[in-house]
Amino acid sequence: MRVIGIGSPHGDDALGWEAARYLARLPGIADHLRIDCLDRPGTGLIQAISGETAVILLDAMEAGLPAGTVRRLSADELMAGVGAVSSHALGVAESLALARVLGVLPNAVHIIGIQAGLAAPLGKAPRGRALATVSMIVREITGLQDPLPAARPGNGGIG
Amino acid sequence: MSEPSDRRRNIRIQVPVLARVEGEGALEIHARDGHIQHLCLRIFEPPRYFEKFLEGRGWEEIPDIVARICGICPVAYQMSAVQAVEQAFAVQPSRWVRDGRRLLYCGEWLQSHALHIHLLALPDFLGFDNAIAMAAEHPDTVRRGLGLQQLGNDLIRMFGGRSVHPVGVRVGGFHRAPAQADIQALRSRIQAALKDAEDLVTFTAALPLPADEQTFVSVSLRHEEEYPMNGGRIVSDRGLDISPEDYEAHFEEYHQPHSTALYSRLHGQPYLVGPLARLNLNHDRLSPRSREALSATGLTLPSRNMFHSLIARAVELLEALVEADRLLADHAPPDSPWSEVTPRESEGIGCTEAPRGLLWHRYRLDAAGRVISARIVPPTAQNQGRMEADLRHSLEHFGLDQNDESLKLRGEMVIRNYDPCISCATHFLKVRVTRA
């Protein structure tokens, strides 16, 4: 399975990258997954996921939720309402929709979104909690576990 | 939506301001008795603020700051900027740097034109609402576009470090030279894509492009030897032939009450910049391979039909690949990827050909190389007056007796011919029609 952190170096747009790097430091997970970061890939995302059977996409999101909230979305949920390629710089939803039409969408696409801070970047503590929550969702998706028992977070903040 | 075909009906089309990552656009059209009474295209240009952002910043920061002006053509902003600063500091970049910059520009033309043709413009001519719907019926066409775009991005990344807002450019050259193995690998892919690009020229020429002859002035750079990207004199098809340093003596920017963007005029008239203007003025500078592909289309140049912009972009895409192949074949690692720079109090002008047309920069710098003032004239603003004239002509020629949806679509198609930043939204015209 491939994990792709999507984003840019700027502010909370880097949350997808940070989540990917966090996962890459967890031995029980990193040894079994291919983890990459992509810099605003646009349609390059289509090429990145072509040939994969299952991918996990990590990305900062703006969903009107409290900053740091982590949501797991399906490709269908993300693509809902996508009708037109409306931008030079295609977003994740449009790229997935195009990938589906072109027949290269992996069988399993899991999207994990992290609500970015709007007025200010996400603070250190909520940032850490968000990344831990991402890792827990990745464990649920993959069935992988840390060598050490992971703390079992509650459902707070998980959509 | 359908309305009775009454060419005398009163038409009022108002398009609200729309989000533009690279700009914001709006369109208003009022027509009465079969004629357009009022038409204005609004573009709100965030890049204007960058001129102020630059003041007080050091010369080393300029390439990275101006790259943020546009997410689609950051290379163009970097190229005009470094050219201007190097002129100010009397820096002569090496031949390797010059070739590297042309390669970088080839990458930008390639990705920008591929994306515009395949994902933004083609649905108009193949009868689809959008590229996703089109991809279901024409998957190979869309795959070709994505492949060419990816190749352009990879070429930018090779010299620029990344494809979005590249960071590899510096005054005097590049921060680093690409690895020779990467050069060879990319060159193989470019050679493999040449056939796709030739097919694209043929494909665009075979599309049912509307016939809409108009009178307009074409303006572009013209180089002594090569198809213009990074240098040359500014010429027009009305006899203009000036150095970029004389730009301000002939071109004038001015405000219109309905727009915060500046309009431009040449000797008092609107003019065209961009692929069709470049091709009209420089088709004799194309490589033999591109010239042959162009010739096979039967397109007569100069063209007065803005819908031929699509073919012009395809030809330029092919030219970018041919040029990239040639330059990569000659590539040898440099002794240094940059020339030393010593700041001095001075002024410099830079003018290059962005995918959308002429991009003119001027910087005044103090003795430490800090920016005292900056002026940036982007191509979309230069085309604004021409777009309005085109819309007025095209919609009347198209027929104001057409229903509102048809008028809206035709208006969008006309605007998309210019590939302005406002076409980031392929369906950005939210039309509200009121009748008296």
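As a starting point, this report considers the structure included with it.

1. Digging into the nonpolar core
Proteins that are soluble and globular tend to have nonpolar side chains buried together.
Right, so step 1: Judged by nonpolar contacts, the single largest core of 132 residues is most densely connected at L57, L96 and L98 of chain A together with I62, L321 and Y363 of chain B.
Right, so step 2: Top contributing element to this core by residue count: helix α4 (residues 95-126) of chain B, with 15 residues.
Right, so step 3: Counting residues in each nonpolar core, the second largest holds 23 residues, with A19, A116, L122 and V134 of chain A among its members.

2. Description of the pattern of salt bridges
Right, so step 1: Counted under the stated rule, the structure contains 36 salt bridges over all chains.
Right, so step 2: Across the salt bridge formed by R34 of chain A and E52 of chain A, the nearest N and O atoms sit 2.6 Å from each other. Placement of R34 of chain A in strand β2 (residues 34-39) and of E52 of chain A in the loop between α3 (44-49) and β3 (54-61) is noted, with a sequence separation of 18 residues between them.
Right, so step 3: Of the residues examined, R34 of chain A reaches a relative accessible area of 43% and is grouped as partly exposed.
Right, so step 4: Several salt bridges share partner residues, and in doing so they unite R98, R102, E226, E323 and R326 of chain B into one network.

3. So, the pairing of strand β12 (residues 357-365) of chain B
Residues in a regular strand point their side chains to alternate faces of the sheet.
All names here are of chain B.
Right, so step 1: Of all nine residues in β12, eight are buried, a share of seventy percent or more.
Right, so step 2: Of the pairings in the sheet, the one linking strand β11 (residues 346-354) to β12 comprises nine bridges and is antiparallel in character. Bridge pairing in β12 places I349 opposite R362.
Right, so step 3: Connecting β11 to the next strand, β12, in antiparallel fashion are two residues.
Right, so step 4: Pairing analysis gives six bridges linking β12 to strand β13 (residues 371-377), with the strands arranged antiparallel.

4. Some thoughts on the sheet that holds β12 of chain B
All names here are of chain B.
Right, so step 1: In spatial order, the strands read β11-β12-β13; together these three strands make up an open sheet with antiparallel pairing. Every other strand in the sheet has two partners, leaving β11 and β13 as the edge strands with one partner each. On average, adjacent strands in this sheet sit at an angle of 10° to one another, irrespective of strand direction.
Right, so step 2: Packed onto the sheet, helix α3 (residues 74-88) meets β11, β12 and β13 and runs at close to 150° relative to β11.

5. Side note on helix α13 (residues 404-416) of chain B
Residues and elements named next belong to chain B.
Right, so step 1: Its 13 residues place the ends of α13 18 Å apart at the C-alpha level, agreeing with the 18 Å of an ideal helix rising 1.5 Å per residue.
Right, so step 2: The buried fraction of α13 amounts to 10 of the 13 residues, a majority that puts the element mostly inside the structure.
Right, so step 3: Put simply, N403 is the residue that caps the front of α13, since its side-chain oxygen is 3.1 Å from the backbone nitrogen of E405.

6. Examining empty space enclosed by the protein
Residues and elements named next belong to chain B.
Right, so step 1: Taken as a whole and judged by the stated rule, the model has three cavities of 30 Å³ or more.
Right, so step 2: For the second largest cavity, the calculated volume is near 50 Å³.
Right, so step 3: The wall of the second largest cavity is formed by 13 residues, among which L272, V273, G274, P275 and M306 lie closest to the centre.
Right, so step 4: If you list the elements that add at least two residues to the lining of the second largest cavity, you get α9 (275-282) and α11 (309-329).
Right, so step 5: Ranked by residues supplied to the lining of the second largest cavity, first place goes to α9 with three residues.
Right, so step 6: For the lining of the second largest cavity, the residue count by class is seven nonpolar, four polar and two charged.

7. As for the layout of surface pockets
Right, so step 1: Considering only enclosed or pocket space, the largest pocket measures out at about 970 Å³ in volume.
Right, so step 2: The wall of the largest pocket is formed by 48 residues, among which D39, R40, P41, G42 and L90 of chain A lie closest to the centre.
Right, so step 3: Looking at the lining of the largest pocket, the elements with two or more residues in it are β1 (2-7), β2, α3, β3, α5 (92-101) and β5 (108-115) of chain A together with α4 and α6 (139-160) of chain B.
Right, so step 4: Within this model, the second largest pocket holds a volume of roughly 560 Å³.
Right, so step 5: For the lining of the second largest pocket, the element with the most residues is α3 of chain B, which contributes five residues.
Right, so step 6: Across the lining of the second largest pocket, the residue classes break down as eight nonpolar, nine polar and seven charged.

8. Focus: the environment of E316 of chain B
All names here are of chain B.
Right, so step 1: Mapping E316 onto the fold places it in helix α11.
Right, so step 2: A sequence separation of 22 residues divides E316 from L294, and the C-alpha atoms of the two residues are 9.9 Å apart.
Right, so step 3: Those residues in contact with E316 that sit more than four places away from it in its chain are W109, H113, Y227, P275 and R278.

9. Digging into the packing of aromatic side chains
Residue and element names in this part refer to chain B.
Right, so step 1: Counting across every chain of the model gives 12 aromatic pairs over all chains.
Right, so step 2: On the basis of an interplanar angle of 90° and a centroid distance of 6.0 Å, the ring pair of W109 and Y227 is categorised as edge-to-face. With W109 in helix α4 and Y227 in the loop between β6 (219-222) and β7 (233-236), this residue pair connects regions lying 118 residues apart in the sequence.
Right, so step 3: Seen from their ring centres, Y254 and Y263 are 5.6 Å apart, and the 35° between their planes marks the pair as tilted.

10. Focus: the pairing of β1 of chain A
All names here are of chain A.
Right, so step 1: Counted residue by residue, β1 has six buried out of six residues, so it is predominantly covered.
Right, so step 2: Both faces of β1 are covered, namely the face carrying R2, I4 and I6 and the face carrying V3, G5 and G7.
Right, so step 3: Bridge count between β1 and β2: six bridges; the pairing is parallel. Paired with R2 across the strands is R34, a residue of β2.
Right, so step 4: Taken together, the five bridges between β1 and β3 define a ladder with parallel strand orientation. Within the sheet, the bridge partner assigned to R2 lies in β3 and is V55.

11. Some points on the sheet that holds strand β8 (residues 241-242) of chain B
Residues and elements named next belong to chain B.
Right, so step 1: Taken in spatial order, the three strands make up an open sheet running β6-β7-β8, and their pairing is antiparallel. Because the sheet does not close on itself, it has two edges, and the strands there are β6 and β8.
Right, so step 2: When β6 meets β7, the two strands line up antiparallel, connected through four bridges. The residue bridging V219 from the neighbouring strand is S236, located in β7.

12. As for the packing of α6 of chain B against α11 of chain B
Between two packed helices, both the angle of their axes relative to each other and the distance between the axes serve to describe the pair.
Residue and element names in this part refer to chain B.
Right, so step 1: Contact geometry of α6 with α11 gives a least axis separation of 12 Å together with a crossing angle of 40°. On the basis of the axis angle, α6 is oblique to α11. Every pair of crossing elements has a handedness; the one defined by α6 and α11 is left-handed. Counted together, L148, L151, L155 and M158 of α6 and L317, L321, A324 and L328 of α11 form the full contact between these two elements.
Right, so step 2: A class-by-class count of the residues in the contact of α6 with α11 yields eight nonpolar, no polar and no charged.

Quick notes on the rules
Within each chain, residues carry numbers counting from 1 in the order of the written sequence. Chains carry letters from A onward and ligands carry numbers from 1 onward, assigned in written order. Where totals are concerned, whole chains, interfaces and linings use all residues; where local detail is concerned, this predicted model gives features only for residues with pLDDT of at least 70, and gives and counts side-chain atom pairs only at 80 or more. Excluding hydrogens and water, the side-chain figures rest on all heavy atoms present in the structure. Only buried Ala, Val, Leu, Ile, Met, Phe, Trp, Tyr and Cys residues count toward a nonpolar core, and they belong to the same one when joined by side-chain atoms within 4.5 Å. Partly exposed residues are those whose accessible area sits between 20% and 50% of the maximum for their type, while under 20% is buried and over 50% is exposed, using a 1.4 Å probe and protein chains only. Secondary structure elements follow DSSP: runs of H or I no shorter than four residues count as helices, runs of E no shorter than two count as strands, and numbering proceeds from the N terminus. By salt bridge we mean one thing: a side-chain nitrogen of Lys or Arg within 4 Å of a carboxyl oxygen of Asp or Glu. By definition, two strands form a pair when at least two bridges between them are found by DSSP. Only the contacting stretch of a helix is used when fitting its axis, a line to C-alpha atoms as for every element, and angles between N-to-C directions run 0 to 180 degrees. The contact definition used throughout considers only heavy atoms, calling two residues in contact when any of these lie within 4.5 Å. Every helix has an expected span of 1.5 Å times one less than the residues it contains. Polar contact criterion, stated in full: a pair of N or O atoms within 3.5 Å, where within protein one must be able to donate a hydrogen and the other to accept it, and residues adjacent in sequence count only if both atoms are side-chain atoms. Both site types are read off a 1 Å grid over the protein atoms alone. A 1.4 Å probe that fits but cannot get out defines a cavity, while an open set with protein on both sides within 12 Å along at least five of seven lines defines a pocket; lining residues have an atom within 4 Å of a point. Grid points are joined across faces, edges and corners, and a volume is the space filled by probe spheres set on the points. Three classes are used, and their members are as follows: Ala, Val, Leu, Ile, Met, Phe, Trp, Tyr, Cys and Pro are nonpolar, Asp, Glu, Lys and Arg are charged, and the others, Gly among them, are polar. Two aromatic rings from Phe, Tyr or Trp, using only the six-membered ring of Trp, form a pair when their centres are within 6.5 Å; if the ring planes differ by under 30 degrees the pair is stacked, by over 60 it is edge-to-face, and anything between is tilted. By definition in this entry, angles of less than 35 degrees are roughly parallel, angles greater than 145 are roughly antiparallel, angles of 65 to 115 are roughly perpendicular, and the rest are oblique. Handedness of each helix crossing follows the sense of rotation of the near helix against the far helix: counterclockwise by less than a right angle gives left-handed, clockwise gives right-handed.

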